[in-house]
Amino acid sequence: MLWFLVALAVVVGALVLWSAWVSRGVERWVPMDGRHVEVPGVRIHYVETGPADAPAIVMIHGIMSQLRAFTYALAGRLATDRRVIVMDRPGWGYSRLTGLRLDIPGQADAIAAAIRALGLEKPLLVGHSMGGAVSLALALRHPDTVRGLGLISPLTQPIAEAPGPLKGLVVPALLRPLIAWTIAVPLAMRNGKATTVRVFAPDPVPGDFPIKAGGALAIRPRSFLMGCYEIEMAPQVMQAQAPRYGEIGLPVSILYGRQDALLDPALHGGKTAADIPNGAVEMLDGGHMLPVTHVDATAAWLRGL
């Protein structure tokens, strides 16, 4: 038994060291691109492009993602005549938590504080996937901070279980640190490509997605831990948030791919748009990752807002 415990400790220690080494390597491939702004609970990493005196657009990404999902192509299309600020949500990318992990309302508070700290005057807030849930929370909690919402493939309603490609994040809280620092990284390296294909379906995954769009950062232990937290936290938060959409006075426009394989366009797009007094929804042929796979159509839709 003693030898078994010693061997187990050696294996666990080796996996921890290897996971840390891989994580540092990934960060060399996908380094920090911008600057930080300090707000309560988090130092938010952001990238700003475009004319400083132009109307502002703030973009926040989805789960297991980071700001390069927007700087991959979409932000540049808009920055020709717009001030575009792309942010890593609290706990993701290179945004550093200075307190506990933030739930959806807490993240909305942090994004609103960052908008104020950067001196932005009522920007258009664009949220993709889980970033859409955070955007809606901000509209409920800080309606005077933004002029409207543009939601791309957003999570807007409570769902009974995690979407198929994300079910690997359904892990008991006590086991998450051990799994994050032992087997999560090798499993992500082995299964990550197949999972990404499922998230993008039916659209193809660009070959440069891991680096140019920052997808490789998802294999880090800290990304696994944050993903597990959001998958656990979101259903209860959305259960409380969704019935309040009738209170939103801001214009809210939603763009969805008809073939989205991660979230139901009718539930998260059509129903939510109907629940919001100034809500609207537009559908196009495509999957969940529209900011990466349908850049021209998404940019044109945003310009229409």
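Residues numbered from 1 in each chain as written. Predicted model: local features only at pLDDT ≥ 70, side-chain atom pairs only at ≥ 80, totals over all residues. Heavy atoms only, no water.

(A) Highlighting the packing of helix 5 (residues 130-141) against helix 9 (residues 221-241). Look at helix 5 against helix 9: their axes get within 12 Å of each other, and the N-to-C directions meet at 40°. Put simply, helix 5 runs oblique to helix 9. In terms of crossing hand, the pair formed by helix 5 and helix 9 is left-handed. Facing Met 130, Ala 133, Leu 136, Ala 137 and Leu 140 of helix 5, the residues of helix 9 in contact are Glu 230, Ala 234, Met 238 and Gln 241. (Axes fitted to C-alpha atoms, helices over the stretch in contact; angles between N-to-C directions. Helix = DSSP H or I, 4+ residues; strand = E, 2+ residues; numbered from the N terminus. Parallel < 35°, antiparallel > 145°, perpendicular 65-115°, else oblique. Left-handed = near helix turned anticlockwise from the far one by under 90°. Contact = heavy atoms within 4.5 Å.)

(B) Region of the structure containing a nonpolar patch on the surface. Together, Trp 18, Trp 21 and Met 189 make up a nonpolar patch on the protein surface, roughly 350 Å² of accessible area in all. Mapped onto the fold, Met 189 is located in helix 7 (residues 184-200). (Patch = residues over 30% accessible without salt bridge, like charges linked within 9 Å, V, L, I, M, F, W, Y side chains within 5 Å. Areas by Shrake-Rupley, 256 points an atom, 1.4 Å probe, with all protein chains shown as cover. Salt bridge = Lys/Arg side-chain N within 4 Å of Asp/Glu carboxyl O.)

(C) Inspection of the pairing of strand 1 (residues 35-39) at higher detail. Sheet topology note: the strand 1/strand 2 (residues 42-49) ladder contains five bridges and is antiparallel. Across the sheet, residue Val 37 finds its bridge partner in strand 2, namely Ile 44. (Pairing = 2+ DSSP bridges.)

(D) How the structure looks around the environment of Ala 180. Relative to the elements of secondary structure, Ala 180 occurs in helix 6 (residues 176-180). Since its relative accessible area comes to 0%, Ala 180 is described here as buried. Considered as a pair, Ala 180 and Asp 296 are 116 residues apart in the sequence and their alpha carbons are 37 Å apart. (Buried < 20%, exposed > 50% of the residue type's maximum accessible area, 1.4 Å probe, protein only.)

(E) Up close: the side chain of Arg 176. Take Arg 176: it is sitting in helix 6. Taking relative accessible area as the criterion, Arg 176 reaches 9% and is therefore assigned buried. Here Val 171 takes part through its backbone oxygen, which lies 2.8 Å from a polar atom of the side chain of Arg 176. The contact partners of Arg 176, leaving out residues within four places of it in the chain, are Val 171, Phe 224, Leu 225, Cys 228, Tyr 229 and Glu 232. (Polar contact = N/O pair within 3.5 Å; in protein donor to acceptor, adjacent residues only side chain to side chain.)

(F) Quick peek at the packing of aromatic side chains. Applying the stated criterion across every chain, the model contains one aromatic pair. Judged by centre distance (5.0 Å) and plane angle (80°), the rings of Phe 200 and Phe 209 are edge-to-face. With respect to burial, Phe 200 and Phe 209 carry one shared label: buried. Directly above the aromatic system of Tyr 94 lies the positively charged group of Arg 220, at a separation of 5.5 Å from the ring centroid. (Phe/Tyr/Trp six-rings, centres within 6.5 Å; stacked < 30°, edge-to-face > 60°. Lys NZ or Arg CZ within 6 Å of the ring centre and 35° of its normal.)

By themselves, these are just geometric observations and shouldn't be taken as functional.
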